[in-house]
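Observations on the three-dimensional arrangement
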Amino acid sequence: MEGSAVSQDGLQAQIEQAQAQEAKKQEMEETTSAILKQILSPEARERLSNIKAAKPEKASQIQMLLIANLQAGRIQGTISEAQLIELIDQLNEKQAASTTVTFKRKNLIDSDDEDID
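Just so you know, these numbers come straight off a predicted model, no measurement behind them. (Residues numbered from 1 in each chain as written. Predicted model: local features only at pLDDT ≥ 70, side-chain atom pairs only at ≥ 80, totals over all residues. Heavy atoms only, no water.)

**Brief notes about the pattern of salt bridges**
All told, the structure shown has one salt bridge when counted by the stated rule. A salt bridge links glutamate 81 to arginine 47; the nearest nitrogen and oxygen atoms lie 2.8 Å apart. Separated by 34 residues along the polypeptide, glutamate 81 in helix α4 (residues 81–98) and arginine 47 in helix α2 (residues 42–54) bring together distant segments of the chain. The partly exposed category is assigned to glutamate 81, whose relative accessible area is 26%. (Salt bridge = Lys/Arg side-chain N within 4 Å of Asp/Glu carboxyl O. Helix = DSSP H or I, 4+ residues; strand = E, 2+ residues; numbered from the N terminus. Buried < 20%, exposed > 50% of the residue type's maximum accessible area, 1.4 Å probe, protein only.)

Here's what the structure looks like:
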């Protein structure tokens, strides 16, 4: 009996911890949303929400970049849709430069070269 009481207490503690983490995550999302609402034009917010619907991880990167630029003092006023597109293009270029694909082909003897018809 005593062992099950301890496991229930542990389970309850895990549930409370998960709820606290969820509340913290919700609060951070609300703060991020409020900040972005202040610095993005309505068109830019709409574009970012479209990106978030299609590629949530990409939208998260853009949001973090915008907040970092704001904290660094690189953003004055509101960001237009054109400025957001430029920022996204710069982010894509950085990611494309760091991503490379290498093909390794096996040296196979091609029997078609030996055919004399």
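So much for the structure itself; the text now carries on.
**What about the environment of glutamate 81?**
The spatial distance from the C-alpha of glutamate 81 to the C-alpha of leucine 48 is 9.1 Å, given a sequence separation of 33 residues. Beyond its immediate sequence surroundings of up to four residues, glutamate 81 is in contact with Ser41, Glu43, Ala44 and Arg47. Here the side chain of glutamate 81 touches arginine 47 through a polar contact of 2.8 Å, side chain to side chain. (Contact = heavy atoms within 4.5 Å. Polar contact = N/O pair within 3.5 Å; in protein donor to acceptor, adjacent residues only side chain to side chain.)

**Thoughts on helix α3 (residues 56–71)**
In this model, α3 (16 residues) spans 22 Å end to end at C-alpha, consistent with the 22 Å of a helix rising 1.5 Å per residue. Taken together, the buried positions of α3 are Lys58, Ala59, Ile62, Gln63, Leu66, Ile67 and Asn69. (Expected span 1.5 Å × (residues − 1).)

**Re the packing of α2 against α4**
Across the interface, α2 lies against α4 with an axial gap of 8 Å and an inter-helix angle of 40°. Comparing the axis directions of α2 and α4 gives the class oblique. Here α2 contributes Glu43, Ala44, Arg47, Leu48 and Ile51 to the contact with α4, which in turn contributes Glu81, Leu84, Ile85 and Ile88. Looking at side-chain class alone, the contact of α2 with α4 contains six nonpolar, no polar and three charged residues. (Axes fitted to C-alpha atoms, helices over the stretch in contact; angles between N-to-C directions. Parallel < 35°, antiparallel > 145°, perpendicular 65-115°, else oblique. Nonpolar A, V, L, I, M, F, W, Y, C, P; charged D, E, K, R; others polar.)

**Quick notes on the side chain of threonine 32**
If you trace the backbone, threonine 32 turns up in helix α1 (residues 2–39). The class of threonine 32 is buried, set by a relative accessible area of 14%. The residues contacting threonine 32, other than those within four sequence positions of it, are Gln63 and Ile67.

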